[in-house]
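Remarks on the overall topology
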Amino acid sequence: MAMTQGERDVRVYADLKPKYYRTGMWSYVLHRVSGVAITLFLLMHIWEITSVTRGGAKGFDAQMALLESRFFVIGEWLLFLAISFHGINGVRLMLHDLGWGVRKQKSAFWTVFLISAVLIVLGSYFFSMKFLAYPWAH
Amino acid sequence: MKGLWAWIFQRFTAVLLVLLLGTHFFVMHFVDPLAEIDFARSSFNLKSSLYFIFDSGLLAVGLFHGLNGIRNIILDWWPKAGKTAGWVLSLIGIVAAGYGSTALLAFINTK
C-alpha cells in the first residue's frame with residue numbers, strides 16, 4: 001500500500017469496515033457485542049423472574065420448567081461464554097485505564113483470550129452435565 | 001463532569017459485577033448444576049437478608065452497567081442521539097429495577 005503516514009492514519013481511524021480490523025478492533029467489537037447480548041439477557045431474565053408477580057408460586061414454577069429444556073441450556077451456555085469473555089476482557093480494560101500494560105495491549109488481549117478459554121472449558125463441563133441430564137425425572 | 005461520573009460508575013460497577021455476577025453464576029450453575037430452581041428454593045433463599053441484599057444489588061448494578069454500556073455505544077456511533085438515549089435508557093432502567101424489585105419482594109411475601 002503506497003500511502004503516506006498521514007493517509008494511513010486517516011484510514012485507520014475513519015474506516016470502520018471489518019476488512020481493516022486488527023486485534024484491538026476485534027476485541028472492541030467482541031466486548032460490545034457480548035455486552036449488548038448480556039444486557040438483553042438481563043432484561044429477559046427480569047421478565048422471567050417477575051413471573052412470580054404475575055402467576056404466583058405456580059406461575060414461577062411453570063416458567064422455570066419451561067427454561068429447563070435443552071434449548072435454554074444452550075442459551076445459558078452461550079451466556080456463560082459472553083460473561084466469561086466480557087468480564088475478563090473488562091479487567092484488562094480497567095488495568096489499561098490505570099496505566100498498566102498500555103504498551104502491551106495485544107499480548108494482554110491474547111492472555112485474556114487464553115484465560116477465558118480455560119474458564120470456558122472448565123465451566124462447559126457443568127453445562128454438558130445439565131444438557132445430558134435433560135429431560136429430568138422430577 | 002457528568003460524563004466523568006458515568007465513566008467512573010461504569011468502572012465501579014464493573015468491579016462489583018466481577019464479584020457479584022461471578023458469585024451468582026457460580027452458585028446458580030456450578031455448585032449443583034442439576035439442582036431444580038423452583039419457588040420453594042428461591043423463596044427460602046431470598047428470605048435470608050444476605051440473598052435479598054445480594055440480589056437487589058445485582059439487579060441495580062447490572063442494569064446500570066448494561067444500560068450505560070448501551071449508552072456508550074450510542075455516544076460512539078450517534079453522538080447527537082446521546083442525550084435522548086440517556087433519558088430513554090434511564091427510564092428503562094428505573095422501570096426494570098422497580099419491576100424486578102416487586103419480584104424479589106414477592107418471594108418473601110407470597111405464600
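Observations concerning the interface of chain B and chain A
The partner chain A presents 30 residues to the 28 residues of chain B that form the contact. Of all the secondary-structure elements, those providing two or more residues to the side of chain B that touches chain A are α1 (2-30), α3 (49-77) and α4 (82-109) of chain B. Tallied by class, residues from the side of chain B that touches chain A come to 18 nonpolar, seven polar and three charged.

Thoughts on the confidence of the model for chain B
Low-pLDDT stretches of the model should not have their predicted coordinates read in fine detail. Residues and elements named next belong to chain B. With 98% of its residues at a pLDDT of 70 or more, chain B shows a mean pLDDT of 95. The spread of mean pLDDT over the elements of chain B runs between α1, the lowest at 95, and α4, the highest at 97. Note on the complex model: pTM 0.90, ipTM 0.95.

Concerning α3 of chain B
If you check α3 of chain B, its first and last C-alpha atoms are 42 Å apart, about what 29 residues at 1.5 Å a residue would give, namely 42 Å. For α3 of chain B, every residue scored as buried is listed here: D55, L59, V61, G62, L63, F64, H65, G66, L67 and G69 of chain B. Where the residues of α3 of chain B are buried, they touch α2 (23-49) of chain A together with α1, α2 (39-46) and α4 of chain B.

Conventions used here
- Residues numbered from 1 in each chain as written.
- Chains lettered and ligands numbered in written order.
- Predicted model: local features only at pLDDT ≥ 70, side-chain atom pairs only at ≥ 80, totals over all residues.
- Contact = placed C-beta atoms within 7 Å.
- Helix = DSSP H or I, 4+ residues; strand = E, 2+ residues; numbered from the N terminus.
- Nonpolar A, V, L, I, M, F, W, Y, C, P; charged D, E, K, R; others polar.
- pLDDT = per-residue confidence, 0-100.
- Expected span 1.5 Å × (residues − 1).
- Buried ≥ 20, exposed ≤ 12 C-beta atoms within 10 Å, placed from the backbone.

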